[in-house]
Structures are given as C-alpha cells and as structure tokens.
Amino acid sequence: MKYNPLALTSVNHVLLVCDSLQESVIFYSDVLGFVSVPRPGIDTDGAWLSGYGIGIHLLQSEEPGTRVKKTVINPADHHVGFQTKNLQMVEKKLLENGIKFVKQRLEEGGGGYMDQIFFHDPDSFMIEICDIDNLHH
C-alpha cells in the first residue's frame with residue numbers, strides 16, 4: 001500500500017450549494033439516477049442523495065440567484081466525472097430533458113480512446129460522463 005497518512009478509503013460525498021433545492025433534487029434524481037437518503041437533523045435546508053458509491057449533498061443557498069451561472073461548457077473547468085458503459089443512453093437522456101452538452105473524444109497512442117459528455121446541473125456545476133472501455137490499460 002502506498003503512503004496514506006490519513007487512512008483515506010474513498011470519496012464519501014460532494015456538497016453543492018443550489019439556488020433551488022427542489023430543482024437540483026429533481027435533476028440529480030431524474031437525470032442522473034441518484035436516490036434520496038435520510039439526512040441527520042442538520043439545521044439547514046438541504047437534501048442528501050446517494051448512488052454509484054458517492055453521495056451528493058445539496059444545500060439551499062441563503063442568497064439564491066447571486067452567483068453568476070456559467071453558460072459555456074468548458075471540459076477544462078472544475079467538474080465531477082462518472083463512468084458509463086452506454087454513452088448513447090446518456091446522450092438520449094440529456095436530449096429528452098433539454099440539457100445542453102458537449103461531446104469530445106480523447107485519443108491515445110495505439111488507437112485507444114475515451115469518449116466524454118460534459119453538461120451543467122441547474123446551478124452550472126459541470127458534470128462529465130465518460131466511457132473508458134476503449135482505453136488501453
């Protein structure tokens with residue numbers, strides 16, 4: 001085992017501050033397939049969702065509408081990435097929900113490649129979904 005001074009085992013969750021908690025819960029549940037899980041008695045307006053081995057903690061902004069929302073989808077911007085075995089299904093789901101996205105293919109020497117789709121959640125936090133099955137390992 002490599003040096004692990006904090007005995008870390010995995011990523012537990014990502015916390016996202018939302019302009020509309022309800023809109024974000026619907027997005028992460030209906031579009032990405034996360035499910036609501038019990039939330040401890042925290043004295044803030046929020047929701048906890050879980051799926052794919054990670055939690056998404058959503059917190060209602062105390063000042064909704066004050067952050068500038070991004071309109072350009074830039075794959076080099078901060079984002080969280082998920083892996084899929086069916087990128088065509090992802091693209092279909094995004095189109096059905098009217099979600100704008102950018103597709104890209106990263107190629108490696110020897111013919112291997114990775115296909116990616118990038119899009120924003122309702123608060124312009126970027127999400128990547130990729131298929132790495134064609135990379136040489």
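Residues numbered from 1 in each chain as written. Predicted model: local features only at pLDDT ≥ 70, side-chain atom pairs only at ≥ 80, totals over all residues. Heavy atoms only, no water.

Student: Help me understand the overall build of the protein in this model?
Tutor: The number of helices and strands found in the protein is 2 helices and 8 strands. Walking the protein from its N terminus toward its C terminus, one meets helices and strands in the order β-α-β-β-β-β-α-β-β-β. With the C-alpha coordinates of the protein rotated into their principal frame, the extents come out at 55 × 45 × 25 Å. In the protein, buried positions account for 36% of the 137 residues. Contacts spanning at least 24 positions in sequence make up 56% of the contacts within the protein whose residues lie at least 6 apart. As displayed, the protein has an accessible area near 9,000 Å², and 55% of this comes from carbon and sulfur atoms. Computed over 11 positive and 18 negative side-chain charges, the inter-centroid distance for the protein is 4 Å. (Helix = DSSP H or I, 4+ residues; strand = E, 2+ residues; numbered from the N terminus. Buried < 20%, exposed > 50% of the residue type's maximum accessible area, 1.4 Å probe, protein only. Contact = heavy atoms within 4.5 Å. Areas by Shrake-Rupley, 256 points an atom, 1.4 Å probe, with all protein chains shown as cover. Lys, Arg positive; Asp, Glu negative; His and termini not counted. Charge placed at Lys NZ, Arg CZ, Asp CG, Glu CD.)

Student: Help me out: how do you make sense of helix α1 (residues 21-31) in this one?
Tutor: It helps to recall that an α-helix has 3.6 residues per turn; residues three or four apart then point in one direction. Those residues of α1 that fall on the buried side of the exposure criterion are Leu21, Ser24, Phe27, Tyr28 and Val31. Viewed end-on, α1 has its buried residues packed into an arc of 145°, placing them on one side of the element. At its buried positions, α1 is contacted by β1 (13-18), β3 (46-51), β4 (54-60), α2 (87-96), β7 (113-120) and β8 (126-131). At the exit of α1 stands glycine 33, carrying a positive phi of roughly 85°. (Arc of directions from axis to C-beta.)

Student: Explain the sheet that holds strand β2 (residues 35-37) to me, please; I cannot follow it from the model alone.
Tutor: Adjacent strands of a sheet form backbone hydrogen bonds with each other and so pair up, either parallel or antiparallel. Strand order in the open sheet made by the 4 strands is β1-β4-β3-β2, with mixed pairing throughout. The open sheet is flanked by β1 and β2, the only strands paired with a single partner. Between one strand axis and the next, the sheet turns through 35° on average, direction left out of account. Bridge count between β1 and β4: 6 bridges; the pairing is parallel. Across the sheet, the residue bridging to valine 14 is isoleucine 56, located in β4. Running at roughly 160° to β4, α1 makes contact with β1, β3 and β4 of the sheet. (Pairing = 2+ DSSP bridges. Axes fitted to C-alpha atoms, helices over the stretch in contact; angles between N-to-C directions.)

Student: I would appreciate a short explanation of the environment of valine 68 in the present structure.
Tutor: Within the fold, valine 68 resides in the loop between β4 and β5 (79-83). In this structure the C-alpha to C-alpha distance between valine 68 and leucine 87, which are 19 residues apart in sequence, comes to 30 Å.

Student: What exactly am I supposed to notice about unusual backbone geometry here?
Tutor: As a rule of thumb, non-glycine residues mostly have phi less than zero, and peptide bonds are mostly trans rather than cis. Although it is not a glycine, alanine 7 adopts a positive phi angle of roughly 55°. Among the structural elements, alanine 7 can be located in the segment before β1. Take alanine 7: its relative accessible area is 58%, and that puts it in the exposed class. Of note in the backbone geometry, tyrosine 52 takes a positive phi value of approximately 60° without being a glycine. Here tyrosine 52 falls in the exposed class, since its relative accessible area comes to 57%.

Student: I'm lost on the pairing of strand β6 (residues 101-107) in this one. Help?
Tutor: Note on strand geometry: in a regular strand, side chains alternate between the two faces of the sheet. Of the strand pairs in this sheet, β6 and β7 are connected by 7 bridges, and their pairing is antiparallel. Considered in β7, the bridge of glutamine 104 is made with glutamine 116. Here β6 folds back onto β7, and the loop between the two strands holds 5 residues, one of which, glycine 110, carries a positive phi near 90°.

Student: What is the right way to look at the nonpolar core in this model?
Tutor: Generally speaking, nonpolar side chains in soluble globular proteins are found buried as a group. Grouped together as the largest cluster of nonpolar side chains are 24 residues, with contacts concentrated most on Tyr28, Leu32, Phe119 and Ile127. Residue assignment for this core shows that the elements contributing at least two residues are β1, α1, β3, β4, β5, α2, β7 and β8. It is α1 that provides the largest number of residues to this core, a total of 4 residues. The residues contacting tyrosine 28, other than those within four sequence positions of it, are Leu16, Gly33, Phe34, Leu49, Ile56, Leu58, Asp121, Phe125 and Ile127. (Core = buried A, V, L, I, M, F, W, Y, C linked by side-chain atoms within 4.5 Å.)

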